[in-house]
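Here is how the chains run, residue by residue.
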Amino acid sequence: MQTTPATPDTDLQADNLRRAAIDKSVKGPVLFLFTNGAFWLMLSTLLGVLAAIKLVEPEFLGDCQYITYGRLQPAHINALVYGWGIQAALGVMLWIMARRSGQELKGGKSLLITAGVFWNITITFGIIAILMGKSTSIEWLEMPKFVWPVLLACFLCYAWPIARMFGRAFRPEGFMVSTWYILGACFWFPWIFITANVALHCLPGLGAIGAGIDAWYIHAVILLFFVPVGVGAVYYFIPKITGKPIASAQLASAGFWSLAILGGWTGMQKYMGGPLPAWMTSVGACAGVLLLIPVGLVGLNHHLTTLGKHSSVAASPTLRFIFFGALFYPVSGLVLALNSAFWTGANVQFTQSWYAFQVVSLYGFFSMCVFGAIYYIVPRLSGCEWLSVRLIRNHFWFSVYGIGTIVIMSLVAGWQQGVDLNDPDHWDQTFMNHVVNSRPYVVSRAVAWTLISFSNCMFLLHLLLMVAGLGRRSSAPTLLEHDHDDQALPHEAHA
Amino acid sequence: MTNFRTFILGLAASFGLPWLCLIVLPAMQYEQLTPVAYDKDKDGVEGFFPPAPINGQGQLVYIREGCNQCHTQMIRPVQLGLDGWYKGWGQDQEARPTTPARSNVLGDYLGEKYAFLGIQRVGPDLANFGFRAPDKAALYQHLYSPRSVHDWSTMPAYTGLFKVQKIQGPVSEHAVKLPKKFAPAPGYEIVPTPEAERLVEYLLSLKKDYPVPGQSAAVAASPAKK
């Protein structure tokens with residue numbers, strides 16, 4: 001955002017005014033999405049705790065049929081994906097795209113808010129329906145049939161203005177890679193969503209192919225929607241805050257296109273050895289391992305960009321979340337490769353290891369990046385600064401410990417479950433070993449979700465105070481460490 | 001604007017190829033599949049494959065309760081897992097079967113709108129449960145109170161599928177028989193609702209180990225006659 005230094009003061013002022021105007025234009029919809037998303041995240045983590053407890057001790061809270069594991073688990077994941085994930089993603093996408101393309105949101109604000117309201121009402125109905133026993137039991141599409149056209153329409157209400165901004169963009173210095181990712185996410189999600197829903201809800205019945213399509217849907221949504229939004233945010237905020245340009249344009253471009261090419265092939269390896277034609281699961285497994293390439297390229301690029309700026313990771317809340325989110329990107333790639341590769345995948349098939357992938361990519365990677373983005377965006381929209389360093393710090397550490405525990409424990413649990421399932425000595429035994437051995441891991445999962453719930457309590461509270469305009473009135477941002485912030489953060493970081 | 005157009009084209013092409021190859025074409029091919037007739041000389045049986053449909057009404061209960069969160073319905077080949085060798089997981093209920101149960105093929109799920117292959121395997125696989133299922137009374141007991149069967153079980157007790165009612169006249173013949181510790185108050189009995197009955201019918205109809213026409217006929221068809 002730098003222009004010729006002929007009249008730096010007036011230029012800077014004009015620039016700041018332009019930014020303020022853009023922020024003001026997207027304020028309503030973005031804050032609406034973030035706040036509602038945070039509520040859903042809160043609910044989802046609580047359901048996660050409850051589901052994990054019910055998996056160990058099914059009699060907890062009585063034998064009520066509305067809260068069996070088979071209903072809680074889908075409710076938990078659906079709240080996480082549709083309630084929090086997609087909503088928060090849309091907010092970040094809208095803001096970054098408006099800023100990057102230098103476009104104000106022209107009109108249609110009430111349409112966006114209406115779409116947001118409908119999105120939330122629909123998901124509320126959907127999740128209540130799951131708990132009441134109207135679930136379709138199709139993973140990630142458990143909400144009843146009537147939900148998807150509404151969700152699609154609401155999503156398109158947001159995707160259209162985002163794409164329009166890109167089209168009308170004023171681009172003096174070319175485009176940054178973050179806009180590619182965000183546009184990609186806008187473009188791919190409706191395609192994936194329509195395909196899966198039409199195939200599974202409208203076609204006369206696809207039997208085992210349907211199960212394959214569902215596995216593909218989950219991975220496509222993660223890899224071609226959540227990952228692009230997360231990576232896009234990382235590419236936007238790291239240079240913004242460190243003041244360094246992205247290390248390599250070639251790496252960025254290679255990382256983007258290899259993800260685009262590989263992302264749509266993977267998923268069906270979940271049913272390797274199953275009724276699906278063998279080539280389909282094999283292709284999925286291959287792509288699952290090959291995805292280490294884009295993951296590695298992007299990871300390397302992020303590493304090179306943050307190199308030497310680690311002091312600002314300690315100071316800036318945004319950069320700290322983004323940095324750890326970016327660290328979890330390679331981790332989620334590794335978990336996927338582990339689940340996909342034949343020599344490990346056969347062992348961890350149908351175990352918690354697959355849950356580990358969903359959680360690490362959705363919470364460890366995507367949500368951490370989005371938290372970082374929210375810590376940057378919200379003060380600019382609400383006109384006040386974050387109140388408390390302690391709340392931010394607790395949010396960060398409890399999230400990191402929680403998600404770290406879930407990922408490590410689910411992987412170890414997956415391995416243990418696989419060994420128990422496939423141990424030849426167990427050929428004529430009941431599932432006692434299997435159930436008893438995996439118990440401690442599920443308990444740790446409950447503990448980890450409790451930590452995360454706690455961290456999200458603070459996040460939600462903090463966010464609500466900010467949205468209500470009760471933040472700190474100050475021109476200086478809330479930083480986590482004040483010792484060396486003058487050096488670590490260039491002036492642009494506060495813009 | 002050409003740049004923008006190439007970019008969108010790139011996005012469409014990179015995703016369109018897997019979409020076409022992995023989703024659209026296989027789905028179209030699947031729609032052409034019809035039950036295959038057995039060849040009596042080669043397969044040793046008559047009729048069509050798959051021979052027995054699942055109980056669709058009962059499957060609705062299975063779907064509603066999210067049973068597939070913990071139970072798979074998919075036997076893997078022996079090079080991937082122990083599935084085929086588990087006792088009673090195939091048609092052959094012998095103590096030590098000579099051959100493993102076969103892994104599932106696309107045709108096994110032909111009559112189902114969506115195959116509930118499963119998410120995790122917390123409990124045993126149910127693909128061929130119908131062959132090894134105990135009698136209905138034992139199944140009702142397992143559904144009503146899993147811990148009365150195995151004290152380590154983490155299966156939820158589906159008490160909502162049963163009705164506790166005052167005994168009027170003789171005890172109902174369908175009443176669930178429970179060990180003392182789990183039994184209802186004296187003078188009361190537990191009877192399955194129609195939903196539980198349908199769910200049990202469904203579980204009993206899960207038989208996916210019939211011989212595949214023209215494939216491994218010796219393996220699949222022989223164990224039944226012994």
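Conventions used here
- Residues numbered from 1 in each chain as written.
- Chains lettered and ligands numbered in written order.
- Predicted model: local features only at pLDDT ≥ 70, side-chain atom pairs only at ≥ 80, totals over all residues.
- Helix = DSSP H or I, 4+ residues; strand = E, 2+ residues; numbered from the N terminus.
- Rg over C-alpha atoms; globule rule 2.2 N^0.38 Å.
- Buried ≥ 20, exposed ≤ 12 C-beta atoms within 10 Å, placed from the backbone.
- Contact = placed C-beta atoms within 7 Å.
- Nonpolar A, V, L, I, M, F, W, Y, C, P; charged D, E, K, R; others polar.
- Axes fitted to C-alpha atoms, helices over the stretch in contact; angles between N-to-C directions.
- Parallel < 35°, antiparallel > 145°, perpendicular 65-115°, else oblique.
- Core = buried A, V, L, I, M, F, W, Y, C linked by C-beta atoms within 7 Å.
- pLDDT = per-residue confidence, 0-100.

**Let's talk about the overall build of chain B**
Moving on, step 1. Counting secondary structure elements, chain B contains eight helices and four strands.
Moving on, step 2. Sequence-ordered secondary structure for chain B, helices as α and strands as β, is α-β-α-β-α-α-α-α-β-β-α-α.
Moving on, step 3. Computed over its C-alpha atoms, the radius of gyration of chain B comes to 23 Å, more than 25% above the 17 Å expected for a compact globule of 226 residues.
Moving on, step 4. In terms of overall dimensions, chain B has a C-alpha envelope of 80 × 55 × 30 Å along the principal axes.
Moving on, step 5. Here chain B holds 226 residues, and the buried ones make up 42% of them.
Moving on, step 6. A fraction of 71% describes how many contacts in chain B between residues 6 or more apart in sequence connect residues 24 or more apart.

**Some details on the overall build of chain A**
Moving on, step 1. Along the backbone of chain A there are 16 helices and zero strands.
Moving on, step 2. With the C-alpha coordinates of chain A rotated into their principal frame, the extents come out at 80 × 45 × 40 Å.
Moving on, step 3. Burial status across chain A gives 59% buried among its 495 residues.
Moving on, step 4. Considering only intrachain contacts with a sequence separation of at least 6, the fraction spanning at least 24 residues in chain A is 83%.

**Section: the environment of Ala247 of chain A**
Residues and elements named next belong to chain A.
Moving on, step 1. The residue Ala247 is located in the loop between α6 (207–242) and α7 (249–263) in this model.
Moving on, step 2. Judged by local crowding, Ala247 falls into the partly exposed class, with 18 C-beta atoms found within 10 Å.
Moving on, step 3. Expressed as a C-alpha distance, the spacing of Ala247 and Ala208, which sit 39 residues apart in the sequence, is 45 Å.
Moving on, step 4. The residues touching Ala247, leaving out its near neighbours within four places in the chain, are Asn301, Leu304 and Thr305.

**Topic: unusual backbone geometry**
Moving on, step 1. With an omega of 0°, the peptide bond running from Phe49 of chain B to Pro50 of chain B counts as cis.
Moving on, step 2. Summarising the element assignment, Pro50 of chain B is placed in the loop between β2 (48–49) and α3 (56–64).
Moving on, step 3. Residues other than glycine seldom take positive phi values, yet Ser137 of chain A does so here, at roughly 60°.
Moving on, step 4. Residue classification places Ser137 of chain A among the buried residues on the basis of 23 C-beta atoms within 10 Å.

**Concerning the interface of chain B and chain A**
Moving on, step 1. Each partner contributes residues to the interface: chain B has 57 residues there, and chain A has 61 residues.
Moving on, step 2. Those elements that place two or more of their residues in the side of chain B that touches chain A are α1 (2–32) and α3 of chain B.
Moving on, step 3. The dominant element in the side of chain B that touches chain A, judged by the number of residues it contributes, is α1 of chain B, at 11 residues.
Moving on, step 4. Among the residues making up the side of chain B that touches chain A, the classes are represented as 34 nonpolar, 15 polar and eight charged.

**Quick word on the packing of helix α2 (residues 69–101) of chain A against helix α3 (residues 109–132) of chain A**
All names here are of chain A.
Moving on, step 1. Between α2 and α3, the shortest axis-to-axis distance is 9 Å and the interhelical angle comes to 170°. Considering their axes alone, α2 and α3 lie roughly antiparallel with respect to each other. Facing Arg71, Pro74, Ala75, Asn78, Ala79, Tyr82, Gly83 and Gln87 of α2, the residues of α3 in contact are Trp119, Ile123, Gly126, Ile127, Ile130 and Leu131.
Moving on, step 2. For the contact of α2 with α3, the per-class residue count stands at nine nonpolar, four polar and one charged.

**Thoughts on the nonpolar core**
Moving on, step 1. Grouped together as the largest cluster of nonpolar side chains are 217 residues, with contacts concentrated most on Met93, Val229 and Ala233 of chain A.
Moving on, step 2. It is α6 of chain A that contributes the most residues to this core, 25 residues altogether.

**Topic: the environment of Tyr86 of chain B**
Moving on, step 1. Checked against the element boundaries, Tyr86 of chain B lands in the loop between α3 and α4 (129–132).
Moving on, step 2. The spacing of Tyr86 of chain B and Thr99 of chain B is 13 residues in sequence and 11 Å in space, taken between C-alpha atoms.

**Remarks on the packing of helix α5 (residues 177–202) of chain A against α7 of chain A**
Between two packed helices, what matters for the description is the angle formed by their axes and the separation of those axes.
Residues and elements named next belong to chain A.
Moving on, step 1. Viewed as axis vectors pointing N to C, α5 and α7 meet at an angle of 10°, and their least axial separation amounts to 10 Å. If you check the angle between α5 and α7, you find them roughly parallel. Together, Val177, Trp180, Tyr181 and Gly184 of α5 and Ala252, Phe256 and Ala260 of α7 make up the contact between the two elements.
Moving on, step 2. Looking at side-chain class alone, the contact of α5 with α7 contains six nonpolar, one polar and no charged residues.

**Topic: the confidence of the model for chain B**
All names here are of chain B.
Moving on, step 1. For chain B, the average pLDDT comes to 87, and 94% of its residues sit at 70 or higher.
Moving on, step 2. The spread of mean pLDDT over the elements of chain B runs between helix α8 (residues 217–221), the lowest at 47, and helix α7 (residues 194–204), the highest at 95.
Moving on, step 3. Within the model, pLDDT remains below 50 along residues 218–226, and this stretch shows 13 contacts once partners closer than five positions in the same chain are excluded.
Moving on, step 4. Scored as a complex, the prediction yields pTM 0.93 and ipTM 0.92.

**Here we look at the confidence of the model for chain A**
Moving on, step 1. Model confidence for chain A is summarised by a mean pLDDT of 90, while 94% of its residues fall at 70 or above.
Moving on, step 2. In the predicted structure, residues 483–495 of chain A sits below a pLDDT of 50 and forms 18 contacts with residues beyond four places in sequence or in another chain.

**Digging into helix α5 (residues 136–144) of chain B**
Moving on, step 1. Within α5 of chain B, burial applies to Tyr140, His142, Leu143 and Tyr144 of chain B.
Moving on, step 2. In this fold, the buried residues of α5 of chain B make contact with α6 (146–149), β3 (162–166), β4 (188–192) and α7 of chain B.

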